[in-house]
Amino acid sequence: MTSFSVNAQRGVRIGYIDTEFILENIPEYQEATAQLNDKANKWKNDIDAQLSAIEQKRKNLSNEKALLTKELIDEREEDIAFEEREILDYQQKRFGPNGDLFIQKKQLMQPIQDQIFAAVQDLAATKQYDIILDKSETIMLYSARQLDLSDQVVRSITRSAKRTQAQSKSERKAAEAEELVPEINYELEAREKALEEKKEERESAVEKRRQEILDARAAKVKAAEEKRQQILEEREKAKQEKLDARKTPEEPEIKAEQTSQSVGTKTEAEPKVEEIKTQAQLIEENRQKKLAEREARKKELEERKKKILEERQKAKDSINNK
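Residues numbered from 1 in each chain as written. Predicted model: local features only at pLDDT ≥ 70, side-chain atom pairs only at ≥ 80, totals over all residues. Heavy atoms only, no water.

## Some points on the nonpolar core
Core analysis: the largest hydrophobic core is formed by 17 residues, its most contacted members being I17, I22, I116, V153 and I157. In terms of residue count, helix 5 (residues 100–127) provides more of this core than any other element does, seven residues in total. In this view, V153 contacts I17, I22, I116, A119, V120 and L123; residues no more than four positions away in its chain are not counted. Judged by nonpolar contacts, the second largest core, of five residues, contains I47, I54, L61 and I80. (Core = buried A, V, L, I, M, F, W, Y, C linked by side-chain atoms within 4.5 Å. Buried < 20%, exposed > 50% of the residue type's maximum accessible area, 1.4 Å probe, protein only. Helix = DSSP H or I, 4+ residues; strand = E, 2+ residues; numbered from the N terminus. Contact = heavy atoms within 4.5 Å.)

Now the structure itself:
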């Protein structure tokens, strides 16, 4: 691999394929392999059943030896051994080194291997590769992903299969016009990925800046609202201070008049007290006044009602007395 790397630096193009990966991605091979495995399982089950039958015959003979003569025992043992040899021969015929399974696997693999070889030859000629290795047959301690040509081989075989299986003229024409999948340019992909990442970073920065502007705008709105509330509070406070300032000079005069004047003159100071009453106090006094008037009217109505009832009772009593 070190020598290959040195040659690659001098301009030698090297690639590799993974035959196992290619076979796993060819549907025809997978289908044929599944059918062959089913056939092999049937052969194995048949052989296991026959061997089980022979083993049962041996057990039966062992149980019946006391009732049989030596000649019959030897004859039956010979028959069992003959049947066992036949089954083992059948097993060798199916699963041996030159058996049916090996031959059919070879027959199944040969066309696929030819297709892989042809695709590799075509790829090497088209893309000007100097060396193409098989990963499944070569010990490769490290292999760069961009040197793997397995996908291109699979697609080349698939394209050839489409041309072979095409029945109509239009299908054959479309299959012939289909281009071979170009070689993947990993350097270009890396550059495109870097550009995409930079684009995402720019979009993220723009979004972050937009969010900062929105936050700053919201902070300004909040500060303006707080300032407005503070101004309103200061105005209310100043207004209350003015009201308190108006009340303060009048209070000593009221106190002086209350202490110096007699009970008769006390009523004269009351209008001044009323003058400095707050609006809430005036409203409360008016409400109390209305309640008092209502109670008075109610009391008057009760008295009138009582008086009417008494007059009626007197009239009724006078009638009864007559």
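## Section: a nonpolar patch on the surface
Together, I139, L141 and Y142 make up an exposed nonpolar region whose accessible area comes to about 480 Å². Mapped onto the elements, I139 comes out in the loop between strand 2 (131–134) and helix 6 (150–165). Overall, the relative accessible area of 76% leaves I139 in the exposed class. (Patch = residues over 30% accessible without salt bridge, like charges linked within 9 Å, V, L, I, M, F, W, Y side chains within 5 Å. Areas by Shrake-Rupley, 256 points an atom, 1.4 Å probe, with all protein chains shown as cover. Salt bridge = Lys/Arg side-chain N within 4 Å of Asp/Glu carboxyl O.)

## What to know about the packing of helix 3 (residues 27–64) against helix 5
Two elements in contact, helix 3 and helix 5, have axes whose closest approach is 11 Å; the angle formed by their N-to-C orientations is 180 degrees. Here helix 3 is positioned roughly antiparallel relative to helix 5, judged by the angle of their axes. On helix 5, the residues touching Y29, A32, T33, L36, K39, A40 and W43 of helix 3 are D100, L101, Q104, K105, L108, M109 and I112. Taken together, the residues that form the contact of helix 3 with helix 5 break down as nine nonpolar, two polar and three charged. (Axes fitted to C-alpha atoms, helices over the stretch in contact; angles between N-to-C directions. Parallel < 35°, antiparallel > 145°, perpendicular 65-115°, else oblique. Nonpolar A, V, L, I, M, F, W, Y, C, P; charged D, E, K, R; others polar.)

## Some points on the packing of helix 3 against helix 4 (residues 70–95)
In contact at an axis separation of 10 Å, helix 3 and helix 4 are set at 165 degrees when each is read in the N-to-C sense. Of the possible angle classes, the one that applies to helix 3 and helix 4 is roughly antiparallel. Remark: the crossing between helix 3 and helix 4 carries left-handed chirality. From helix 3, A40, W43, K44, D46, I47, Q50, L51, I54, K57, R58, L61 and E64 reach across to helix 4, where they touch I73, R76, E77, I80, E83, E84, I87, Y90, Q91, R94 and F95. By residue class, the composition of the contact of helix 3 with helix 4 is 11 nonpolar, two polar and 10 charged. (Left-handed = near helix turned anticlockwise from the far one by under 90°.)

## Observations regarding the pattern of salt bridges
Under the defined criterion, the tally for this structure stands at 14 salt bridges. Two residues, R58 and E55, come together in a salt bridge whose shortest N-O distance is 4.0 Å. Taken together, the residues span about one helical turn, with R58 and E55 both in helix 3 at a distance of three residues. For R58, a relative accessible area of 34% corresponds to the partly exposed category. The partly exposed category is assigned to E55, whose relative accessible area is 40%.

## Looking at the side chain of D18
Its location among the elements puts D18 in the loop between strand 1 (14–17) and helix 2 (19–24). Despite its burial, D18 pairs with no opposite charge, the nearest such side chain being K135 at 4.9 Å. Only 3.3 Å separates the side chain of D18 from the backbone nitrogen of E20, close enough to count as a polar contact. Not counting residues within four places of it along the chain, the set of residues in contact with D18 comprises D134, K135, S136, D148 and S150. (Lys, Arg positive; Asp, Glu negative; His and termini not counted. Polar contact = N/O pair within 3.5 Å; in protein donor to acceptor, adjacent residues only side chain to side chain.)

## Focus: the pairing of strand 1
For a regular strand, side chains alternate in direction, first toward one face of the sheet and then toward the other. Alternating positions in strand 1 separate into two faces, I14 and Y16 on one and G15 and I17 on the other, with burial throughout. Pairing analysis gives four bridges linking strand 1 to strand 2, with the strands arranged parallel. Residue pairing across strands places I14 opposite I131, the latter belonging to strand 2. (Pairing = 2+ DSSP bridges.)

## Things to note about the side chain of R94
Mapped onto the elements, R94 comes out in helix 4. Within the structure, R94 has its side chain in polar contact with the side chain of D100 (distance 2.5 Å).

## Remarks on the packing of aromatic side chains
Applying the stated rule across the entire model yields one aromatic pair. Here the aromatic rings of W43 and F95 are separated by 6.2 Å at their centres, their planes lie at 80 degrees, and the arrangement is edge-to-face. Residue W43 is found in helix 3, and its partner F95 is found in helix 4; the two are separated by 52 residues along the sequence. (Phe/Tyr/Trp six-rings, centres within 6.5 Å; stacked < 30°, edge-to-face > 60°.)

## A short note on a negative patch on the surface
A grouping of E196, E197, E200, E201 and E203 is seen on the molecular surface, where their side chains present a negatively charged patch. Here E201 lies in helix 8 (residues 186–260). (Charge placed at Lys NZ, Arg CZ, Asp CG, Glu CD.)

## Some remarks on the confidence of the model for the chain
Summary statistics for the chain give a mean pLDDT of 79 and a share of 78% for residues scoring 70 or more. Below pLDDT 50 for its whole length, residues 179–183 participates in 13 contacts with residues either more than four positions away or in separate chains. Here residues 262–275 is a poorly scored stretch, pLDDT under 50, and it has six contacts once near neighbours within four places are set aside; other chains count. (pLDDT = per-residue confidence, 0-100.)

## Observations concerning helix 3
Across its 38 residues, helix 3 extends 56 Å between first and last C-alpha, which sits within 8% of the 56 Å expected from 1.5 Å per residue. Regarding helix 3, the residues found buried are Y29, T33, L36, A40, W43, I47, I54 and L61. Taken together, the buried residues of helix 3 touch helix 2, helix 4 and helix 5. (Expected span 1.5 Å × (residues − 1).)

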